[in-house]
Amino acid sequence: FAWVTCPFVLNRFNREMALFLNTEKVSFSPLPLPEANTVAEGSKVVVKDDKLVLEEYTIPVRAAKKTDALAVELEKLLDGLCGIGLTERLIVLDNDNFKNFVQYSTEVNARIRLSDDGTVEDGALWYEENVPPEAIFYSTLFVGNVRFIPKKGEQVVNVNDFITTYFPKVLQIGGDYTLGRGIVQTKFLRKGAAINA
């Protein structure tokens, strides 16, 4: 498999992180922005003659130092969540190809429910679309100030401290938890911001 991204997504990530994370105490260093259709110099996804195959598409690519730098910075941000080196499997596609893979290359499974006699129950055929298991998401979490004055003896919990201390490192999102789907690891970049992988 390969991790794919594109200039649009990287620009958006940099813009949002700069907006949400830059404070007097913390500054966000933007991720490097490689050109489209590039791989890291140590890539293991290139098949032959500077081409790689994703699904049924053959895409010409070239190795680029900025893509190496991007992989290194992403690995620092994720701090070991990937398990497999990004430098070996990161591809920066052009925006249109990335959009097509996101829209049309998710895993689709047909599911059925059987009745007691072993036949398919009426209306019990359905399809599920799953995000690839190695997908990486990022999200922001905003916490406001306390909006009431506590009564005498009442304790006020700092929600931001509570979330960053007690938010689970592994959680399940969405349906099919009995099938082991939707399991994510969480990494906080700064208080109030997390990457899910």
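Residues numbered from 1 in each chain as written. Predicted model: local features only at pLDDT ≥ 70, side-chain atom pairs only at ≥ 80, totals over all residues. Heavy atoms only, no water.

## Thoughts on a nonpolar patch on the surface
- A contiguous nonpolar surface patch, about 600 Å² in accessible area, is contributed by Val108, Ile112, Leu114, Val120, Leu125 and Tyr127.
- Counting only elements with at least two residues in the nonpolar patch, the list comes to strand E7 (107-114) and strand E8 (120-130).
- A residue is classified by how much of its surface remains accessible, and Val120, at 41% relative accessible area, is partly exposed. (Patch = residues over 30% accessible without salt bridge, like charges linked within 9 Å, V, L, I, M, F, W, Y side chains within 5 Å. Areas by Shrake-Rupley, 256 points an atom, 1.4 Å probe, with all protein chains shown as cover. Salt bridge = Lys/Arg side-chain N within 4 Å of Asp/Glu carboxyl O. Helix = DSSP H or I, 4+ residues; strand = E, 2+ residues; numbered from the N terminus. Buried < 20%, exposed > 50% of the residue type's maximum accessible area, 1.4 Å probe, protein only.)

## Some thoughts on the side chain of Asp68
- Note that Asp68 resides in helix H2 (residues 65-78).
- Among buried charged residues, Asp68 stands out as having no salt bridge; its nearest opposite-charge side chain is Lys65, 6.1 Å away.
- Those residues in contact with Asp68 that sit more than four places away from it in its chain are Ala40, Glu41, Gly42 and Thr87. (Lys, Arg positive; Asp, Glu negative; His and termini not counted. Contact = heavy atoms within 4.5 Å.)

## Notes on the confidence of the model for the chain
- Of all residues in the chain, 91% attain a pLDDT of 70 or more, and the chain-wide mean is 83.
- Between residues 191-197, whose pLDDT stays under 50, and residues either more than four places distant or in other chains, the model counts 37 contacts. (pLDDT = per-residue confidence, 0-100.)

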